[in-house]
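# Report on the structure
Residue strings, one per chain:
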Amino acid sequence: MVSEAFKLSRVSEKKPAKDAAAEVREANSLAERGGPESVVSTSPATVDVDKDGVGNGRRLVTQQSSVWTRRQQAVCVRHAFKHYGTNKNPNHVLQNLNMTVAKGTIYGLLGASGCGKTTLLSCLVGRRHLNSGEIWVLGGKPGTKGSGVPGKRVGYMPQEIALLGEFSIRETMMYFGWIFGMPSSEIQERLDFLLNFLDLPSQNRLVKNLSGGQQRRVSFAVALMHDPELLILDEPTVGVDPLLRQSIWHHLVQITKDGNKTVIITTHYIEEARQAHAIGLMRSGKLLAEESPSALLTTYNCLSLEEVFLKLSRKQGNSVPGVPDANMTNNISVASLNWGNKKDEPVFVTEESGVVGLNFHQSKEMLINESNGHLDALNKNRPGKSEPVVDCDDCTDCCKLTTRGKMRALLQKNFLRMWRNVGVMLFIFALPVMQVILFCLAIGRNPTGLHLAIVNHEMNFTTKECPVYNNCSLSWLSCRYIQQLDNETIVKDYYETKDQALDAVRMGEAWGALYFTENFTDALVARMALGQSSDNETLDQSEIRVWLDMSNQQIGLMLNRDLQFSYRDFAQDLLSQCNNNPKLADIPIQFKDPIYGSNNPSFTDFVAPGVILTIVFFLAVALTSSALIIERMEGLLDRSWVAGVSPFEILFSHVVTQFVVMCGQTALVLIFMIAVFEVECKGDMFWVIILTILQGLCGMCFGFVISAICELERNAIQLALGSFYPTLLLSGVIWPVEGMPIVLRYISLGLPLTMATTSLRSMLTRGWQINEPDVYNGFFATIIWIALFLTISLVVLKVKRG
Ligand SMILES: Nc1ncnc2c1ncn2[C@@H]1O[C@H](COP(=O)(O)OP(=O)(O)OP(=O)(O)O)[C@@H](O)[C@H]1O
């Protein structure tokens with residue numbers, strides 16, 4: 001156990017201030033190394049700090065300080081160091097800061113903007129960790145199990161509003177009340193009191209519609225809501241009118257009167273802090289003094305606290321770097337030397353004072369006088385009649401993962417938020433439907449109205465009266481073939497010469513050119529009759545010559561296929577009309593009914609499984625990727641954490657909310673895809689639904705990862721959008737994975753959508769059951785990805801919370 005002691009007693013020889021300071025430091029360091037008691041009994045540190053002539057030769061006598069005594073304080077900070085930025089380029093915010101806040105007091109933390117007050121407070125509530133040093137809050141270390149901090153033992157009002165704009169005042173109170181485990185009736189009672197006390201408007205007014213000052217008061221009400229043991233208020237009186245400010249201070253004085261409640265308050269209105277029992281004057285990450293206001297004024301012979309602060313700041317500014325001030329070193333101030341009634345009495349400096357200023361145990365007496373004696377509570381907690389040091393009254397973090405109240409609050413928040421935001425609601429349900437409709441209408445249908453430039457020299461230039469005989473007539477066969485071409489797909493444009501037709505294709509006026517020779521019919525008949533004895537000229541003349549624009553693969557292949565099928569139909573018709581076997585027109589490959597799918601496969605059926613999963617997956621990503629970021633930016637995430645909500649609870653509440661949304665989206669997507677647009681579904685609908693929901697969950701968890709990693713919403717959007725195309729392209733949604741280079745194939749298999757797409761495709765088009773490896777692998781892969789994403793999110797959230 002670490003305990004420190006400074007024992008300063010009267011010394012006969014004066015020591016230089018520097019040595020004295022070094023001695024205190026040594027005692028300090030000894031104590032930190034764990035041998036405190038020996039320091040106390042055998043080697044009392046004695047310091048004479050009379051060098052600047054203010055101390056009047058008084059000696060500092062250290063008092064015993066132990067973990068026990070630290071735990072008796074409401075807050076005790078020792079040798080706190082905190083920096084932002086990297087170790088190489090740190091921005092030091094707290095520098096060997098010591099602070100002691102006795103139970104039952106109001107402690108005003110004053111200091112210029114940027115001196116580190118908020119940082120210190122956020123360390124006290126467990127939102128940030130020190131780089132080194134110790135913090136004790138209500139007998140425990142913030143963030144440790146059973147300390148109740150963060151949790152309901154603390155009421156925290158951050159500097160920013162940190163509330164949900166879409167909530168009414170009442171809903172805001174209910175949210176935090178439930179998190180703190182209060183029953184609704186008690187919350188309502190408290191709310192009625194706070195509405196009246198803080199002069200708030202109707203409880204049904206939305207927070208976003210309140211004025212800045214009103215919003216701050218709601219934020220203050222939230223901190224007061226559960227009547228916590230320790231209130232930490234970061235500038236609660238900003239934007240509050242003087243009357244209300246006075247009434248807030250009056251309230252703080254009242255609640256601390258019985259000695260059970262403690263308040264730490266920062267304010268820029270220095271003079272209002274006169275009402276505090278103790279004041280910590282902070283500058284450049286250190287406390288310059290920690291005294292009662294009257295002691296500060298007396299000591300420094302000032303009329304206002306502002307003057308005191310200026311004096312101390314100047315003193316600190318004048319100190320030579322590297323040479324510790326007599327009044328600053330090891331928290332012993334000039335103030336402490338001046339303090340006390342009798343000159344020859346030693347001044348006790350303990351780690352309880354912990355500050356540059358006065359021994360707090362001494363000033364306590366003064367505080368009692370100044371504050372109606374309520375501080376005698378400070379003396380209650382001595383060994384023997386002490387209350388349990390660590391009061392595990394918030395046992396949720398000891399043994400339970402969550403509580404009903406917290407879940408109720410978090411779920412209500414998530415659902416209400418969606419409900420109150422019409423845009424989000426539309427986005428959630430209209431977008432998937434719209435995407436499915438657009439996909440089914442725009443993708444996979446045969447193109448129509450394709451222009452074909454036809455040159456038929458058999459008919460002697462342009463003729464639309466190309467005679468067609470549907471019997472066994474062997475004349476004008478070119479016309480008979482042209483008639484066979486699908487009229488919906490192909491628009492026939494006639495040209496006089498081959499060059500004109502080719503120019504039309506080159507100019508983009510036609511997708512292909514079709515050319516019939518002058519004696520096409522005769523040559524074709526001869527070719528059929530002569531068979532293998534046909535000469536080259538006959539073969540040449542009987543050909544239909546085609547030049548296609550293959551720049552558009554789909555159109556080119558379709559025209560190619562249509563021209564061939566039309567010839568087959570034309571030849572079969574002619575043969576059967578002439579009493580020949582029409583099969584003679586077929587190539588000698590017989591395509592029987594396919595095992596799966598149809599002989600005329602639809603691109604829609606190929607893409608649909610991947611599209612279903614992509615829609616559900618990325619909608620979930622879009623919904624969740626900014627959820628945590630928005631909460632974080634609003635400050636609500638921080639505030640909920642300080643109220644005792646864990647990353648697991650936050651994540652779990654979002655998972656539940658999104659799961660409900662997901663079920664709705666999945667239902668809509670599948671209904672429109674399968675029931676309305678009749679995309680083929682041969683498999684078991686139950687497993688199709690399960691896989692789709694799982695993919696939605698997977699997308700949601702991916703969204704959580706994004707929102708846990710990204711600090712800004714725009715970064716999250718960039719990451720979500722950036723991941724869309726690679727995933728779509730590599731997952732075999734629009735092109736078979738088998739067509740990729742080997743390395744990409746392996747990457748593709750590792751993506752969350754690939755195996756799931758294969759699985760869904762197998763179920764929809766092949767009708768495979770869950771016992772097929774291709775099917776169940778998709779489920780396994782999805783579940784593994786969900787677990788992985790959730791773990792990453794949880795770890796990142798935990799790290800960030802720290
Ligand atoms: N998250 C952060 N990352 C990096 N630097 C930070 C961060 N938060 C605060 N700082 C820096 O730390 C210093 C102390 O900031 P802090 O907010 O604690 O000051 P403060 O005393 O509360 O100021 P104010 O009275 O204006 O609120 C400032 O220089 C600030 O720029």
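Small disclaimer: the values here were computed from a predicted structure and weren't measured. (Residues numbered from 1 in each chain as written. Predicted model: local features only at pLDDT ≥ 70, side-chain atom pairs only at ≥ 80, totals over all residues. Heavy atoms only, no water.)

### Topic: the site of the ligand
- Near the ligand, the surroundings consist of 15 residues, among which Ser113, Gly114, Thr118, Thr119 and Gln159 are the closest.
- At 3.0 Å from an oxygen atom of the ligand is found a main-chain nitrogen or oxygen belonging to Gly116.
- Take Glu235: an N or O atom from its side chain is 3.4 Å from an oxygen atom of the ligand.
- Protein burial of the ligand: of its 630 Å² of free accessible surface, 63% is covered by the chains.
- Elements supplying a minimum of two residues to the shell around the ligand: strand S6 (91–101) and helix H4 (117–124).
- Per-element accounting of the shell around the ligand gives the leading share, three residues, to H4.
- The residue inventory of the shell around the ligand, partitioned by class, reads four nonpolar, eight polar and three charged. (Near = heavy atom within 4 Å. Polar contact = N/O pair within 3.5 Å; in protein donor to acceptor, adjacent residues only side chain to side chain. Areas by Shrake-Rupley, 256 points an atom, 1.4 Å probe, with all protein chains shown as cover. Helix = DSSP H or I, 4+ residues; strand = E, 2+ residues; numbered from the N terminus. Nonpolar A, V, L, I, M, F, W, Y, C, P; charged D, E, K, R; others polar.)

### Looking at the UniProt feature "domain: ABC transmembrane type-2" (unreviewed entry) in the protein
- Mapped onto the present numbering, the UniProt feature "domain: ABC transmembrane type-2" (unreviewed entry) falls on residues 571–800.
- With 72% helix and 0% strand, residues 571–800 has its two end C-alpha atoms placed 74 Å apart. (UniProt positions renumbered as here; feature names shortened; annotations may be inferred.)

### Describing the nonpolar core
- Counting 121 residues, the largest nonpolar core has Phe220, Leu233, Leu252, Leu281 and Met673 as its most contacted members.
- Counting contributing residues, this core receives three or more from each of domain 1 (68–316) and domain 3 (603–800).
- With residues near it in sequence (within four places) discarded, Leu281 still touches Leu110, Lys286, Leu287, Leu288, Ala289, Leu296, Val308, Phe309 and Leu312.
- Ranked by size, the runner-up nonpolar core spans 31 residues in total, among them Val77, Leu94, Cys123 and Ala278. (Core = buried A, V, L, I, M, F, W, Y, C linked by side-chain atoms within 4.5 Å. Buried < 20%, exposed > 50% of the residue type's maximum accessible area, 1.4 Å probe, protein only. Domains from an automatic or database assignment. Contact = heavy atoms within 4.5 Å.)

### What to know about the domain arrangement of the protein
- Each assigned domain of the protein is listed here: domain 1 (68–316), domain 2 (450–585) and domain 3 (603–800).
- Across the boundary between the two partners, domain 1 contributes 20 residues, which contact 12 residues of domain 3.
- Where domain 1 abuts domain 3, roughly 1,300 Å² becomes buried across the two surfaces, and 59% of that area is made up of carbon and sulfur atoms.
- The interface formed by domain 1 and domain 3 includes one salt bridge.
- The salt bridge partner of Asp638 is Arg127, with a shortest N-O separation of 2.8 Å.
- Linking domain 1 to domain 3 there are six residue pairs in polar contact (both at pLDDT 80 or more).
- For the side of domain 1 that touches domain 3, the elements supplying multiple residues, two or more each, are strand S9 (154–157), helix H5 (169–179) and helix H7 (212–224). (Buried area = accessible area lost by both parts, 1.4 Å probe. Salt bridge = Lys/Arg side-chain N within 4 Å of Asp/Glu carboxyl O.)

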